[in-house]
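Listed below are the residues making up each chain.
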Amino acid sequence: MSLENKKILLMIGGGISAYKSLDLIRLLQKKNCSVKVVLTKSGKKFVTSLSLSSLSKNRVFEEIFDEKNKGNIDHISLSRWADLIMVLPTTANFMFRLSKGSAEDLASTIILASNKEIFLVPAMNVRMWEHKATQKNLNVLMDYGYKFIGPEDGEMACGEYGKGKMSSPRQILSFLVKFFKKRDLLKSKKIRAIVTTGPTKEYIDPVRYISNESSGKQGYEIALELSRLGIKTTLISGPTKLKYDNEIKVKKVVTGKEMLEAVKRKLPTHIAVCAAAVSDFKPIYSEKNKIKKNQIKEIKIEKNPDILSFLGKSNRFKPKLLIGFSAETENLIKNSKIKMQEKFCDMIVANDVSKKDRGFHSDFNEVLIIDKNGKIEKVKKNSKKFVASIVAKKIVDTFLSNEKNLN
Ligand code: C5P
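This structure is a prediction, so every number in the text was calculated from the model and none was measured.

Reading the values: rules and limits
Residues numbered from 1 in each chain as written. Predicted model: local features only at pLDDT ≥ 70, side-chain atom pairs only at ≥ 80, totals over all residues. Heavy atoms only, no water. Helix = DSSP H or I, 4+ residues; strand = E, 2+ residues; numbered from the N terminus. Buried < 20%, exposed > 50% of the residue type's maximum accessible area, 1.4 Å probe, protein only. Contact = heavy atoms within 4.5 Å. Domains from an automatic or database assignment. Salt bridge = Lys/Arg side-chain N within 4 Å of Asp/Glu carboxyl O. Polar contact = N/O pair within 3.5 Å; in protein donor to acceptor, adjacent residues only side chain to side chain. Nonpolar A, V, L, I, M, F, W, Y, C, P; charged D, E, K, R; others polar. Pairing = 2+ DSSP bridges. Axes fitted to C-alpha atoms, helices over the stretch in contact; angles between N-to-C directions.

(A) View of the overall build of the protein. Scanning the protein for helices and strands turns up 13 helices and 20 strands. Each principal axis of the C-alpha atoms in the protein carries an extent, and together these give about 80 × 50 × 40 Å. Per-residue burial over the protein gives 51% buried out of 407 residues. Across the protein, every contact between residues at least 6 apart in sequence was considered, and the portion connecting residues at least 24 apart equals 67%.

(B) Inspection of the domain arrangement of the protein at higher detail. The domain architecture assigned to the protein consists of domain 1 (7-185) and domain 2 (189-406). In this complex, domain 1 contributes 10 residues to the contact, which on the side of domain 2 involves 13 residues. For the interface between domain 1 and domain 2, the tally reads 2 salt bridges. Notably, a salt bridge pairs Glu-225 with Lys-147, separated by 3.1 Å at the nearest N-O pair. At the junction of domain 1 and domain 2, the tally comes to 4 residue pairs in polar contact (both at pLDDT 80 or more). Across the side of domain 1 that touches domain 2, the residue classes break down as 3 nonpolar, 2 polar and 5 charged.

(C) Spotlight on the sheet that holds strand 17 (residues 321-328). Judged by pairing direction, the sheet is mixed, and its 8 strands sit side by side in the order 13-12-9-14-17-18-19-20 without closing on themselves. With partners counted over all chains shown, the strands left at the sheet margins are strand 13 (249-252) and strand 20 (376-383), one partner each. Across this sheet, the average inter-strand angle for adjacent strands is 20°, counted without regard to direction. Where strand 9 (residues 192-197) lies against strand 12 (residues 232-237), 6 bridges are found, and the strand directions are parallel.

If you want it as structure tokens, here you go:
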């Protein structure tokens, strides 16, 4: 049911496993999906346009500049038409081209112009897959937010054995079923989330403030990912340098108090992720005019409201799933577990901020996701986008499994 009426744009790459695309199209047709196909120049060496158009019951798109199709810009209209774009097989060369942002043929141009989920299904020799160059490209592509299906371990067409075999049409189908099932369920139940992110600025006078170095990136990426998974998400962000995508609703705030008020206005919510580095203290008064140098006086400070604790302790508004963050320099697990209990959250994303090149000043992060039952999942150092995809998946899976247990 979950694939019914879904529009899938398949791009056929130049590898021997391209023949499996024919089987996948048949399986998708049986599930009442609409399939359109883009055949790359090298894909053409392995499957014919005739087989693909016969099975997909649609014309096959090959050229970026199509004389026959005047007035319709295929790379835009195809991308807007699709619910999901999939490249299979994704060759090492195609990964390289995508990682460089190439737009030299129809397939790569569509991907560059796309606002949809992109799934790449790699197939190549094990050594090609394991090569540092391919792994580097893989990281870049994951950072662009593209998702990978496979590759699997197994015997390859070249006779060698290892990781690089393309996932089977049935494996791909089951992946797609799960993906759409979850997304449609979250959308139909109108599940909402709020994510706080960034620092807050607590003004001492019009030009001076207490703040911190948080970039807001990790929270922003989590909000984007939750939204892509089908959750109506609002990002409540302190002052950052981020360029927000218009895929999600963003409410910009400056102070911790404003952040709390913005959160309150969004209640009740099903899920809340508190990733913001709210300034712990704020001046009791903010002077109207700039304090003169010779007017040195003490600055009286008080504690900022704790948004995570407020949500955790709220009888009326406690979200069904509450996620906190914990940045520690020592005893990461122990301190994070204590924080989780004290602030009544269901899950905590913990990072060791004493480690270099991750966390606050970096585009990278390494975290432990600790749940209420003490289960710990480690996400090794990777881009914040990748870390966000794992955290968001965990959030969605936990939320859905809790809901199932309640019903
Ligand atoms: O106590 P600590 O600041 O280490 O706790 C971190 C967690 O609490 C984070 O999830 C952060 O977003 C949240 N927090 C908050 N409001 C505050 C301080 C922290 O929501 N005023």
